[in-house]
Amino acid sequence: MNLRNPKPDELPSFRLDGRLAVITGASDGIGRAFALAYARSGAEVVLVSRTREKLVEVQRSVEAAGGRAHVVPADVARFDDIRRIEREVSAIVNRSDKGKDLALVLVNCAGFGFTKSALDTTEEDWDRIMDVHAKGTFFCNQFLGRRMIERGYGKIINLSSTWSVSTDMGKSVYGMAKAGVSYLTAALSTEWAPLGVRVNAIAPTSTLTESTSRTFRENEARAEKLLSRIKLGRFAEPSDLVGAAVFLASPASDFITGHTLFVDGGWRAGC
Ligand SMILES: NC(=O)c1ccc[n+]([C@@H]2O[C@H](COP(=O)([O-])OP(=O)(O)OC[C@H]3O[C@@H](n4cnc5c(N)ncnc54)[C@H](OP(=O)(O)O)[C@@H]3O)[C@@H](O)[C@H]2O)c1
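No experiment lies behind these values; they were computed from the predicted model shown.

Draft legend 1. Representation of the overall build of the protein chain in the model. The secondary structure content of the protein chain amounts to 8 helices and 7 strands. Relative to the compact-globule value of 18 Å for 271 residues, the protein chain shows a C-alpha radius of gyration of 18 Å, a close match. Expressed along its principal axes, the backbone C-alpha trace of the protein chain runs to roughly 55 × 45 × 35 Å. Counted over contacts in the protein chain with a minimum sequence separation of 6, partners at least 24 positions apart contribute 74%.

Draft legend 2. The site of the ligand, seen in detail. Close contacts around the ligand come from 30 residues, with Gly-25, Gly-29, Arg-50, Thr-51 and Gly-111 the closest. Looking at the shell around the ligand, the elements that each hand over two or more residues are helix H1 (29–40) and helix H6 (210–218). Grouping the amino acids of the shell around the ligand by side-chain chemistry returns 10 nonpolar, 15 polar and 5 charged.

Draft legend 3. Region of interest: the packing of H1 against helix H8 (residues 238–249). It is at 9 Å that the axes of H1 and H8 come closest, and there the two elements cross at 55°. Put simply, H1 runs oblique to H8. Where H1 crosses over H8, the handedness of that crossing is right-handed. In this structure, H1 contributes Gly-29, Ile-30, Ala-33, Phe-34, Ala-37 and Tyr-38 to the contact, and H8 contributes Pro-238, Ser-239, Leu-241, Val-242, Ala-245, Val-246 and Ala-249. Residues that form the contact of H1 with H8 fall into these classes: 11 nonpolar, 2 polar and no charged.

Draft legend 4. The sheet that holds strand S3 (residues 69–73), seen in detail. In space, the 7 strands of this open sheet follow the order S3-S2-S1-S4-S5-S6-S7, with parallel pairing throughout. Where the open sheet ends on each side, the last strands, each with one partner, are S3 and strand S7 (260–263). On average, adjacent strands in this sheet sit at an angle of 20° to one another, irrespective of strand direction. Sheet topology note: the strand S5 (residues 154–159)/strand S6 (residues 197–204) ladder contains 6 bridges and is parallel. Looking at the pairing, Asn-158 lines up with Ala-201 of S6.

Draft legend 5. Broad picture of the pairing of strand S4 (residues 103–108). The buried count for S4 comes to 6 of 6 residues, which makes it a mostly enclosed element. Side chains Ala-103, Val-105 and Val-107 of S4 all project onto a buried face; the interleaved residues Leu-104, Leu-106 and Asn-108 project onto the opposite face, where all are buried too. Note: strand S1 (residues 19–24) against S4, 6 bridges, orientation parallel. The residue of S4 that forms the bridge with Leu-20 is Leu-104.

Draft legend 6. Focus on the environment of Phe-112. Residue placement: Phe-112 occurs in the loop between S4 and helix H4 (123–151). Taking the C-alpha atoms as reference points, Phe-112 and Thr-212, separated by 100 residues in sequence, lie 9.1 Å from one another.

Draft legend 7. Fine view of the nonpolar core. Counting 67 residues, the largest nonpolar core has Ala-21, Ile-23, Ala-35, Tyr-38, Val-45 and Leu-47 as its most contacted members. Looking at which element gives the most residues to this core, the answer is H1, with 8 residues. For Leu-47, the residues in contact, after removing those within four places along its chain, are Ile-23, Ala-26, Ser-27, Ala-35, Leu-55, Val-58, Gln-59, Ala-69, His-70, Val-71 and Val-72.

Draft legend 8. Broad picture of the environment of Asn-108. For Asn-108, the position within the fold is in strand S4. Apart from the residues within four sequence positions on either side, Asn-108 is in contact with Thr-24, Thr-137, Cys-140, Asn-158 and Leu-159.

Draft legend 9. Region of the structure containing the packing of H4 against helix H5 (residues 172–192). Here H4 crosses H5 at 15°, and the two axes come no closer than 10 Å. Classified by the angle their axes make, H4 and H5 are roughly parallel. Where H4 crosses over H5, the handedness of that crossing is right-handed. Facing Asp-125, Trp-126, Ile-129, Met-130, His-133, Ala-134, Thr-137, Phe-138, Asn-141, Gly-145 and Ile-149 of H4, the residues of H5 in contact are Val-173, Tyr-174, Ala-177, Lys-178, Gly-180, Val-181, Leu-184, Leu-188 and Trp-192. Residue classes in the contact of H4 with H5 are distributed as 13 nonpolar, 5 polar and 2 charged.

Rules and cut-offs
Residues numbered from 1 in each chain as written. Predicted model: local features only at pLDDT ≥ 70, side-chain atom pairs only at ≥ 80, totals over all residues. Helix = DSSP H or I, 4+ residues; strand = E, 2+ residues; numbered from the N terminus. Rg over C-alpha atoms; globule rule 2.2 N^0.38 Å. Contact = placed C-beta atoms within 7 Å. Near = placed C-beta within 6 Å. Nonpolar A, V, L, I, M, F, W, Y, C, P; charged D, E, K, R; others polar. Axes fitted to C-alpha atoms, helices over the stretch in contact; angles between N-to-C directions. Parallel < 35°, antiparallel > 145°, perpendicular 65-115°, else oblique. Left-handed = near helix turned anticlockwise from the far one by under 90°. Pairing = 2+ DSSP bridges. Buried ≥ 20, exposed ≤ 12 C-beta atoms within 10 Å, placed from the backbone. Core = buried A, V, L, I, M, F, W, Y, C linked by C-beta atoms within 7 Å.

Structure below.
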C-alpha cells in the first residue's frame with residue numbers, strides 16, 4: 001500500500017492545456033461562457049447545441065481569442081444525435097496530433113428552465129424536460145464516459161440546480177430532473193472512479209442568461225421573491241460559474257468526484 005502523495009510539493013494546475021472539452025448547450029448562456037473560459041484556459045473545445053449559426057458565432061469568438069473550437073450541431077434529446085456527437089469527438093481525437101494524450105472533458109449544459117404547477121403540467125412538458133435533462137445528460141455521460149474509460153482518465157461536469165434540493169411553486173418536474181442529475185453524478189462517480197473518470201456537478205442559483213432575464217422581466221414579483229433567498233443579494237451571472245467549471249475540469253480537482261458544487265450566493269445557507 002502506497003500511503004505517500006507522489007508529488008507533495010507540486011502546485012496543482014488550474015490550466016486546461018491538453019484537454020478536449022465537449023460542451024453541450026454551448027451556443028448560449030452558461031454553456032457559452034464555459035466554452036469561452038475553457039478556450040482561454042488552454043482547452044480545445046467542441047461546441048454542441050441544435051443551432052449551427054449560433055455555434056459558429058461562438059467558434060469565431062474562441063478563434064478570435066487564439067483558441068480552437070469545433071462545431072457539432074446536435075439535439076441531446078435524440079439518442080442518434082448523441083451517438084453522432086461521440087463519433088465526431090472520436091474523429092477529432094484521431095485527427096489531432098496530440099491524439100492519445102488529449103484528456104477528455106464533458107460539460108452537460110444543454111437545457112432550459114421550466115416553471116409550471118404540477119396540476120397544469122402535461123405529458124409533453126414532462127417528455128421535453130426529461131428528454132433533455134435526464135435522458136440527454138445520462139446518454140452524453142455514457143457515450144463520452146466510454147471514451148474516457150478507454151483512456152483511463154476523464155472529467156464530467158453536469159448542470160444541476162438549487163432546485164435539486166429546494167422547492168417553490170411550479171418546480172416539481174424541473175426540480176425532479178435536476179435532483180436526478182445530482183443523483184446520476186454521484187452514481188456514475190461510484191461506478192467510474194476505479195476507471196479514472198471523475199463525475200461532478202455544478203448547481204447554480206438563478207443565473208442571468210438571456211432566457212432567465214426575459215422570464216424575470218415578465219414576472220418581477222417572482223424575481224424579487226427569488227432574489228430575497230440569495231444571501232449575497234444578487235442573481236448570478238454566467239461569469240460567476242466559470243471558476244467552478246474551470247476548476248472541476250482542471251487537474252487541481254483530480255481528487256474530487258461525486259460532488260455537486262453549489263454556486264448559489266448562499267441560497268442554501270441556513271436552509
Ligand atoms: N440560468 C439559470 O438560472 C440556471 C440555474 C440553474 C441551472 N441552470 C441549468 O444550466 C443549464 C444551462 O442553462 P442556461 O440558463 O445557460 O440556458 P440558455 O441560456 O437557455 O442556453 C441553453 C443552451 O442549451 C441548448 N439546448 C437546449 N436544448 C437543447 C437540446 N435539446 N440539445 C442540444 N442543446 C440544447 C441551447 O441551444 P439551442 O437552442 O441552439 O439548442 C443553448 O445553447 C441548463 O441545464 C439549466 O437547467 C440554469
